[in-house]
Amino acid sequence: MPNATDSHATNKVSPSDYVKFDPSTIHERLNTSLSRPQLNADGSIRHFLGVEGLNKAQLQSIITKAETFFDDKGLLVNRPELEGCTVMNLFFEPSTRTRTTFEVAEKRLGANVLNIDIARSSTKKGESLRDTLWNLQAMTADIFVVRHSASGAAHFMATEVTPNIAIINGGDGWHAHPTQGMLDMLTIHRNAPRPFEELSVAIIGDIKHSRVARSDISALQTLGVKDIRVIAPRTLLPKGIERFGVTVYEDIDQCVSDCDVIMGLRIQNERIDSPLLSSSNEYYKHYGITPARVARAKPDALIMHPGPMNRGIEIASSVADGPQSVILEQVSNGVAIRMAVLSLAMQGQRAYQASGL
């Protein structure tokens, strides 16, 4: 039997191990660690907590499912795949756009929809989150759509509190916004003239605080995009972001040059005129998506933004409303993606419960 010294020696890291890391290895490790809570043994989705943890085929299956909710004219169709199911929207922080598109998606699927007023719920009266969720579960809920200011809240619910209810992450802290990431992927899939593997994508804005950026970068990598570029003021750029397989630029004109997709991110008002960002005028001067900068990208480049937009700060109105903009299409694609995720998660949850595991 090896002694403690032998065990220590076996695990010792030699100098040769300190080689330049492969970003794809980090991404793969992240996927492995995060896949367990949200997948059944056969790889089907039981919860949708993040795009991290899902492989290329699984992300493509979500896109393919979302495509089935469009008719041959590109219009959304209703399909009662959640008829008889109860979906509770639990938004612990405010959101109009995300909550509304989830509600539209749920109703198009025929679900019974309840919007829980968390601001007046028992959690504000001292009841624990765990007890609140157990009480809601007892009301025969099938799906919780959760937005929470704490990173990891959705994972906590799925693994520690209500594993027998499908949990859909509607955004948690700075961590992830997976349905936004997937609606962005659907928008690129439907509009880009080249496959993911041949695209160059530029992401511009407050990447440090953006759960959208995190989900987009992960999804783009998984779907095979090899050229992901990011640019932001240094105060709004996460330290060490290069290890996630992106290239950091300091000059926006170089960043967008010959790009296929330009994604703008929202700048929160509280960051402006603070130590993080000197002024809105300075930001627009150095990082705004303007017609001149769009002209540096490919002629058929897509212009994207998760919204809400700060016109004249993050993006020029002429660009946001221009022919290359797919910003409004992102909204309708958001309904289709959320329909797909809700439907697939409910199928996976039913399969899990039927297995008796």
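Our subject is the structure that appears above.
Residues numbered from 1 in each chain as written. Predicted model: local features only at pLDDT ≥ 70, side-chain atom pairs only at ≥ 80, totals over all residues. Heavy atoms only, no water.

A. Structural detail: the pairing of strand S6 (residues 227-231). For S6, the buried fraction is high: 4 of the 5 residues fall into the buried class. Relative to S6, strand S5 (residues 200-204) is paired through 5 bridges, and the arrangement is parallel. By the bridge assignment for S6, alanine 202 is matched with arginine 229. Remark: the S5/helix H8 (residues 211-222)/S6 crossover connection has right-handed handedness. The pairing of S6 with strand S7 (residues 247-248) spans 2 bridges and is classified as parallel. Bridging across to S7, valine 230 finds its partner in valine 248. (Buried < 20%, exposed > 50% of the residue type's maximum accessible area, 1.4 Å probe, protein only. Helix = DSSP H or I, 4+ residues; strand = E, 2+ residues; numbered from the N terminus. Pairing = 2+ DSSP bridges. Right-handed = clockwise from strand over helix to strand, strands pointing away.)

B. Region of the structure containing the packing of helix H3 (residues 56-67) against helix H7 (residues 178-191). Running from N to C, H3 and H7 point in directions that differ by 70°, and their axes come no closer than 10 Å. With respect to their mutual orientation, H3 and H7 come out roughly perpendicular. Facing H3, whose interface residues are Leu59, Ile62, Ile63, Ala66 and Glu67, H7 presents Met182, Met185, Leu186, His189 and Arg190. (Axes fitted to C-alpha atoms, helices over the stretch in contact; angles between N-to-C directions. Parallel < 35°, antiparallel > 145°, perpendicular 65-115°, else oblique. Contact = heavy atoms within 4.5 Å.)

C. Just the environment of glutamine 60, in detail. Within the fold, glutamine 60 resides in helix H3. Overall, the relative accessible area of 37% leaves glutamine 60 in the partly exposed class. Measuring from C-alpha to C-alpha, the distance between glutamine 60 and methionine 185 comes to 9.4 Å, with 125 residues separating the pair along the chain.

D. Representation of the packing of aromatic side chains in the model. Considering all chains together, one arrives at 1 aromatic pair under this definition. Taking NZ or CZ as reference, arginine 190 lies 4.0 Å from the ring centre of phenylalanine 70, over its face. Directly above the aromatic system of phenylalanine 102 lies the positively charged group of arginine 338, at a separation of 5.0 Å from the ring centroid. (Phe/Tyr/Trp six-rings, centres within 6.5 Å; stacked < 30°, edge-to-face > 60°. Lys NZ or Arg CZ within 6 Å of the ring centre and 35° of its normal.)

E. Molecular detail of the environment of alanine 232. Within the secondary structure layout, alanine 232 lies in the loop between S6 and S7. Judged by relative accessible area, which is 7%, alanine 232 ranks as buried. Separated by 19 residues in the primary sequence, alanine 232 and aspartate 251 have C-alpha atoms spaced 9.3 Å apart. Filtering out sequence-adjacent residues up to four positions away, alanine 232 remains in contact with Gly205, Ile207, Leu237 and Tyr287.

F. View of the nonpolar core. Within the largest apolar cluster, 87 residues are counted, with the highest numbers of intra-cluster contacts made by Ile62, Met185, Ile188, Ile203 and Leu342. Sort the elements by how many residues they give to this core and helix H13 (residues 327-355) lands first, with 11 residues. Setting aside anything within four residues of it in sequence, one finds methionine 185 in contact with Ile63, Phe196, Asp216, Ala219, Leu220, Leu223 and Met263. Grouped together as the second largest cluster of nonpolar side chains are 14 residues, Leu49, Met88, Leu90 and Ala141 included. (Core = buried A, V, L, I, M, F, W, Y, C linked by side-chain atoms within 4.5 Å.)

G. Just the packing of H7 against H13, in detail. Where H7 meets H13, the closest approach of the two axes is 8 Å, and the angle between their N-to-C directions is 115°. The interaxial crossing formed by H7 with H13 has right-handed handedness. From H7, Thr179, Gln180, Met182, Leu183, Asp184, Leu186, Thr187, Arg190 and Asn191 reach across to H13, where they touch Glu329, Gln330, Asn333, Gly334, Ala336, Ile337 and Arg338. In terms of residue class, the contact of H7 with H13 is made up of 5 nonpolar, 7 polar and 4 charged. (Left-handed = near helix turned anticlockwise from the far one by under 90°. Nonpolar A, V, L, I, M, F, W, Y, C, P; charged D, E, K, R; others polar.)

H. Representation of empty space enclosed by the protein. What the rule picks out here adds up to 1 cavity of 30 Å³ or more. Considering only enclosed or pocket space, the largest cavity measures out at about 40 Å³ in volume. In terms of lining residues, the largest cavity is bounded by Asp184, Val212, Asp216, Met263, Gly264, Leu265, Met304, His305, Pro306 and Gln330. Of all the secondary-structure elements, those providing two or more residues to the lining of the largest cavity are H8 and strand S8 (261-264). Each residue belonging to the lining of the largest cavity can be placed in one class, and the counts come to 5 nonpolar, 3 polar and 2 charged. (1 Å grid on protein atoms, 1.4 Å probe; cavity = no way out; pocket = protein on both sides within 12 Å on 5 of 7 lines; lining within 4 Å. Points joined across faces, edges and corners; volume = space filled by probe spheres on them.)

I. Structural view of the sheet that holds strand S9 (residues 302-304). In spatial order, the strands read S7-S6-S5-S8-S9; together these 5 strands make up an open sheet with parallel pairing. Sheet topology places S7 and S9 at the edges, where each strand pairs with a single neighbour. Of the strands in this sheet, S8 and S9 touch H7, which is tilted by about 160° from S9.

J. Quick peek at the layout of surface pockets. Each pocket or cavity is described by its volume, and for the largest pocket that value is around 750 Å³. Together, 32 residues line the largest pocket, and Arg147, Arg211, Arg266, Gln268 and Gly307 are the ones closest to its centre. The element that contributes the greatest number of residues to the lining of the largest pocket is H13, accounting for 5 residues. Class assignment of the residues belonging to the lining of the largest pocket gives a composition of 9 nonpolar, 14 polar and 9 charged.

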